[in-house]
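If you want the building blocks of each chain, they are given just below.
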Amino acid sequence: MSRVEIGAGSGSLCDVAGLKLGHFTHPDVPTGCSVVLCEAGATAGVDVRGAAPGTRDTELLRPENTVQQVHAVLLTGGSAFGLAAADGVMRWLAERGHGFAVGQARVPIVPAAVLFDLWLHGAETAPDAAAGRAACDAATSTERSRGRVGAGAGATVGKLLGVDRAMPGGLGMASVRVGGVTLAAMVAVNAVGDVVDPRSGDVLAGSRGADGRPRSTVQALLAGEAPGGGLQGSATTLGIIATDARLTKSQAAKLAQIAHDGFARAIQPVHTVMDGDVMFALATGAADVDGDMTLLGALAAEVVARAVVDAVLA
């Protein structure tokens, strides 16, 4: 039986060979973006579960569509304004010769997804093309920062009973290695719901009660408390699940679907009409082995749930 090695506390998406990670965190307001570079190309999939998503170039990741690999994935704050950061990532990659050759041009494929943090800053400070470039410039294969950085800089959780009761979210990561293959996750947790310990059910970060401590939003709703107002589009948890095994595009899409279960284990409630939850999957193939979808699927939700918890504990 293969022994599972856990990246305890310090696990990073960069534990997957072939990936680089970089962040831009705005110096004055709580927002930013995070870019995962796979300049040599990586097979990718996506699954969108939240009802209020903000995305770019996710349709091309459908298994039946032509494009087979991506060159980066961007997670960003700033709501739809933040999608402009992907322009900077594309141009950064093209200037270095990465992307699909189309005549004399190189066209990098950079899917992106946004979360809503505009209630903490204005549209004028949302991540832009310069922010995307800065994240690329900062990208390394050893990046391990988490917490209030990059796309997680303006993240909050526990907003369903009112944004005035929210607590900080953030960016978290986790990884495992089994049978010579690494599986890792990175999430930017900006959920309308609470983050809970998947094993005990204890609320780690969520809607604050009168004593200022987190309490269960679901239990408050069951007790008759009403949701807060003005919540539409105010949330979203974004994630990337990655492996160094080889996967087909269909397998990557399935891995992204299964990985959403990690959100459900650690966020309550999840996938609401206010959330735009998106999960990307990346397979670099650097381990030079075909991925075992039974094994990767069994571990995906566990790794994602650990990353969610890491985001708020960091």
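Before any of the text, the structure's been laid out above.
What comes next concerns the included structure. (Residues numbered from 1 in each chain as written. Predicted model: local features only at pLDDT ≥ 70, side-chain atom pairs only at ≥ 80, totals over all residues. Heavy atoms only, no water.)

## Examining the overall build of the chain
Each helix and strand in the chain was counted, giving five helices and 17 strands. A compact globule built from 314 residues should have a C-alpha radius of gyration of about 20 Å, and the chain, at 18 Å, falls within 12% of that. Overall, the C-alpha framework of the chain stretches about 60 × 50 × 35 Å when taken along its three principal axes. Relative to its full complement of 314 residues, the chain shows a buried share of 56%. Long-range contacts, defined as pairs at least 24 residues apart, comprise 80% of the intrachain contacts of the chain with a sequence gap of at least 6. Of the roughly 12000 Å² of accessible surface on the chain, a fraction of 51% belongs to carbon and sulfur atoms. Between the averaged position of the 24 positive side-chain charges in the chain and that of its 30 negative side-chain charges there is a distance of 2 Å. (Helix = DSSP H or I, 4+ residues; strand = E, 2+ residues; numbered from the N terminus. Rg over C-alpha atoms; globule rule 2.2 N^0.38 Å. Buried < 20%, exposed > 50% of the residue type's maximum accessible area, 1.4 Å probe, protein only. Contact = heavy atoms within 4.5 Å. Areas by Shrake-Rupley, 256 points an atom, 1.4 Å probe, with all protein chains shown as cover. Lys, Arg positive; Asp, Glu negative; His and termini not counted. Charge placed at Lys NZ, Arg CZ, Asp CG, Glu CD.)

## Quick notes on the pattern of salt bridges
All told, the structure shown has 17 salt bridges when counted by the stated rule. In this structure, the salt-bridge partner of Asp288 is Arg246, at a minimum N-O distance of 2.6 Å. Of this pair, Asp288 sits in the loop between β17 (278-283) and α5 (293-313) while Arg246 sits in the loop between β15 (237-243) and α4 (249-266), and the two are 42 residues apart along the sequence. Overall, Asp288 belongs to the exposed group, its relative accessible area being 58%. Three or more residues joined by partner-sharing salt bridges are found here, namely Arg199, Arg265, Glu302 and Arg306. (Salt bridge = Lys/Arg side-chain N within 4 Å of Asp/Glu carboxyl O.)

## Considering the nonpolar core
Formed by 37 residues in total, the largest nonpolar core has its most connected members in Leu183, Val189, Ile241, Leu255, Val304 and Val308. For this core, the elements supplying multiple residues, two or more each, are β11 (170-178), β12 (181-189), α4, β17 and α5. By residue number, the principal contributor to this core is α5, which donates 11 residues. Among all residues touching Val189, those that are not within four sequence positions of it are Ala155, Thr156, Val157, Gly169, Gly170, Val195, Thr236, Thr237, Ile267, Val308 and Ala311. Formed by 31 residues, the second largest nonpolar core is a distinct cluster that contains Ala113, Val149, Ile240 and Ala242. (Core = buried A, V, L, I, M, F, W, Y, C linked by side-chain atoms within 4.5 Å.)

## Brief notes about the environment of Arg215
Here Arg215 shows up in the loop between β14 (203-205) and α3 (217-222). Assessed through its relative accessible area of 23%, Arg215 is described here as partly exposed. Each C-alpha atom of the pair Arg215 and Asp117 lies 22 Å from the other, and the pair is 98 residues apart in sequence. Residues in contact with Arg215, not counting those within four places in the same chain, are Leu161, Arg165, Asp194, Val203, Ser207, Arg208, Gly209, Ala220 and Glu225.

## Side note on the sheet that holds β14
On the basis of which strands lie adjacent, the open sheet formed by three strands has the order β14-β13-β16 and antiparallel pairing. Both edges of this open sheet fall to β14 and β16 (267-268), since each of them pairs with a single strand only. Examined bridge by bridge, strand β13 (residues 194-196) and β14 share two bridges and lie antiparallel to one another. Among the inter-strand pairings, Val195 is bridged to a residue of β14, identified as Ala205. Sheet strands touched by α5: β13, β14 and β16. Its angle to β13, the strand with the most contacts, is close to 115°. (Pairing = 2+ DSSP bridges. Axes fitted to C-alpha atoms, helices over the stretch in contact; angles between N-to-C directions.)

## Observations regarding the packing of α4 against α5
Here α4 crosses α5 at 40°, and the two axes come no closer than 7 Å. Taken together, the axes of α4 and α5 are oblique relative to one another. Of the two possible hands of crossing, α4 and α5 adopt the one that is right-handed. Contact residues: α4 offers Gln251, Lys254, Leu255, Ile258, Ala259, Asp261, Gly262, Phe263, Arg265 and Ala266, while α5 offers Met293, Leu296, Gly297, Ala300, Ala301, Glu302, Val304, Ala305 and Val308. (Parallel < 35°, antiparallel > 145°, perpendicular 65-115°, else oblique. Left-handed = near helix turned anticlockwise from the far one by under 90°.)

## Comments concerning the layout of surface pockets
Looking at the largest pocket, its volume works out to about 160 Å³. Gly45, Val46, Asp47, Val48, Thr58, Glu59, Leu61, Arg62, Pro63, Glu64, Ala253 and Gln257 are the residues that line the largest pocket. Elements with a contribution of two residues or more to the lining of the largest pocket: β3 (32-48) and α4. Sorting elements by how many residues they give to the lining of the largest pocket places β3 first, with four residues. Among the residues forming the lining of the largest pocket, the class breakdown is five nonpolar, three polar and four charged. (1 Å grid on protein atoms, 1.4 Å probe; cavity = no way out; pocket = protein on both sides within 12 Å on 5 of 7 lines; lining within 4 Å. Points joined across faces, edges and corners; volume = space filled by probe spheres on them. Nonpolar A, V, L, I, M, F, W, Y, C, P; charged D, E, K, R; others polar.)

## Overview of the pairing of strand β5 (residues 69-76)
By the criterion of burial, β5 is predominantly enclosed, with seven of the eight residues buried. Bridging between β3 and β5 involves seven bridges; their strand directions are antiparallel. Across the sheet, the residue bridging to Val36 is Val73, located in β5. As defined by bridge partners, β5 adjoins strand β8 (residues 112-114) across three bridges and the pair is classed as parallel. Each bridged residue has a counterpart across the sheet, and for Leu75 the counterpart in β8 is Ala113.

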